[in-house]
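# Examination of the molecular architecture
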Amino acid sequence: MSPKSSRSRPKAYRYGAEYFGIFHATSRERALAFPTSTMSWGYFDRYDELYWNATGNYWAFPILVASVTVTLPPGGRVSATKGYTGALGEAGADYTYTPNEGRPTVKATRRLEAGEGLTVAVAFDKGLIDPPSDADRGWIWWQRHGALAILLASLGMLSWFYLRSFGRVGRDPPKGPVFARYEPPKGLSPAAVHHVYYRGVRGHLALIASLMNSRNPGHRVVRSLRTPRGFPGAVGKAKDEWDAAIVREQGGDADIVLLAEVKAAPAAATPDFTRLARGLD
């Protein structure tokens, strides 16, 4: 008996209309606390009002049929009803109104496109809905402004803590009187005083001050020493001027003890090194 071969057939699906029911529930306290939501209550001098965006305006597909029926408590009488159709912020009037006994119905007369909705406002007798009590008003205020109140209280406590800490350890001691000092502070060399006064090194003054401070009797510091013409002989492009020098004087003669050439950076001294060496020959 030969085995039978079987092929799986694709399943057939039947497409048809599907219905979905969306139930919207809200509390009076939430509607009072957040009047910009889809449902809110209004308490006026001569009437109370229910304002309800029944369908919402953020659907990505059209709404074929939209209707709203508001059922009031027993004995309630509707004094006015208003409807709005269209996108958010529009006040279209494409609706019909059926004033049933305590159950007014508002129905859109056209298809609502994506982003459009149906909103109703129903006014009824004053006192039909209990107004918020003092406890309700306190809870409503807390829901609206509680987060901001906590934030401000936290900022206030943090500021108080920082001010208190700054008053304890952050304030500098009182400054003493300011008067002229004619001698450098103890322990600072002339070069260090130069650095403090100019807040850095300016020119060759720090070097000259150090040389003058370290000289012995009979020595003299010379700035910008230029060698005599013809010295050092026939050597071309030799260094013939120095930034500073210490000269020792004995009788009528003078001997050069130290020659100094200051460069801003080692890279600047590299090309002049051969000239410096020739000048010392």
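The following paragraphs examine the structure supplied in this document.

## Things to note about the overall build of the protein chain
- The helix and strand inventory of the protein chain stands at six helices and 10 strands.
- Out of the 281 residues in the protein chain, the part that is buried amounts to 24%.
- Sequence separation of 24 or more characterises 59% of the internal contacts of the protein chain that already satisfy a separation of 6 or more.
- When the accessible area of the protein chain is evaluated, it comes to approximately 21,800 Å², of which 57% is carbon and sulfur surface.

## Considerations on the pattern of salt bridges
- Following the criterion strictly, the structure yields six salt bridges and no others.
- Residues R77 and D125 are paired through a salt bridge, measuring 3.1 Å at the closest nitrogen-oxygen approach. Taken as a pair, R77 in the loop between β3 (67–69) and β4 (78–87) and D125 in strand β7 (residues 116–125) lie far apart in primary sequence, 48 residues in all.
- The class of D125 is partly exposed, set by a relative accessible area of 24%.
- One connected set of salt bridges, linked through shared partners, spans D94, R110 and E116.

## Things to note about the nonpolar core
- If you look at the biggest cluster of nonpolar residues, it comprises 17 residues, and the most contacted ones within it are A66, V68, V70, L112, L118 and F124.
- The element contributing the most residues to this core is β7, with four residues.
- Setting aside chain neighbours within four positions, we find L112 in contact with P62, I63, A66, G117 and L118.

## Quick notes on the pairing of strand β6 (residues 104–108)
- In terms of residue burial, β6 counts as a mostly covered element, since four of its five residues are buried.
- Bridging between β3 and β6 involves three bridges; their strand directions are antiparallel. By the bridge assignment for β6, V68 is matched with V106.
- As paired strands, strand β5 (residues 95–99) and β6 are joined by five bridges and run antiparallel to one another. When the sheet's bridge partners are listed, Y95 is paired in β6 with A108.
- Between β5 and β6, which pair antiparallel in sequence order, lie four residues; one of them, G102, sits at a positive phi of approximately 70 degrees.

## Some thoughts on the sheet that holds β3
- Strand order in the open sheet formed by three strands is β3-β6-β5, and the pairing between neighbours is antiparallel. Two strands close off the open sheet at either side, each with one partner strand: β3 and β5. Taken pair by pair, the neighbouring strands of this sheet meet at an average axis angle of 10 degrees, ignoring direction.

## Section: the side chain of E116
- Counting through the fold element by element, E116 comes out in strand β7.
- Not counting residues up to four positions away in its chain, the partners in contact with E116 are T55, G56, N57, I63, G86, A87, R110 and R111.

Analysis parameters
- Residues numbered from 1 in each chain as written.
- Predicted model: local features only at pLDDT ≥ 70, side-chain atom pairs only at ≥ 80, totals over all residues.
- Heavy atoms only, no water.
- Helix = DSSP H or I, 4+ residues; strand = E, 2+ residues; numbered from the N terminus.
- Buried < 20%, exposed > 50% of the residue type's maximum accessible area, 1.4 Å probe, protein only.
- Contact = heavy atoms within 4.5 Å.
- Areas by Shrake-Rupley, 256 points an atom, 1.4 Å probe, with all protein chains shown as cover.
- Salt bridge = Lys/Arg side-chain N within 4 Å of Asp/Glu carboxyl O.
- Core = buried A, V, L, I, M, F, W, Y, C linked by side-chain atoms within 4.5 Å.
- Pairing = 2+ DSSP bridges.
- Axes fitted to C-alpha atoms, helices over the stretch in contact; angles between N-to-C directions.

Bear in mind that shape data such as this cannot, by itself, settle questions of function.
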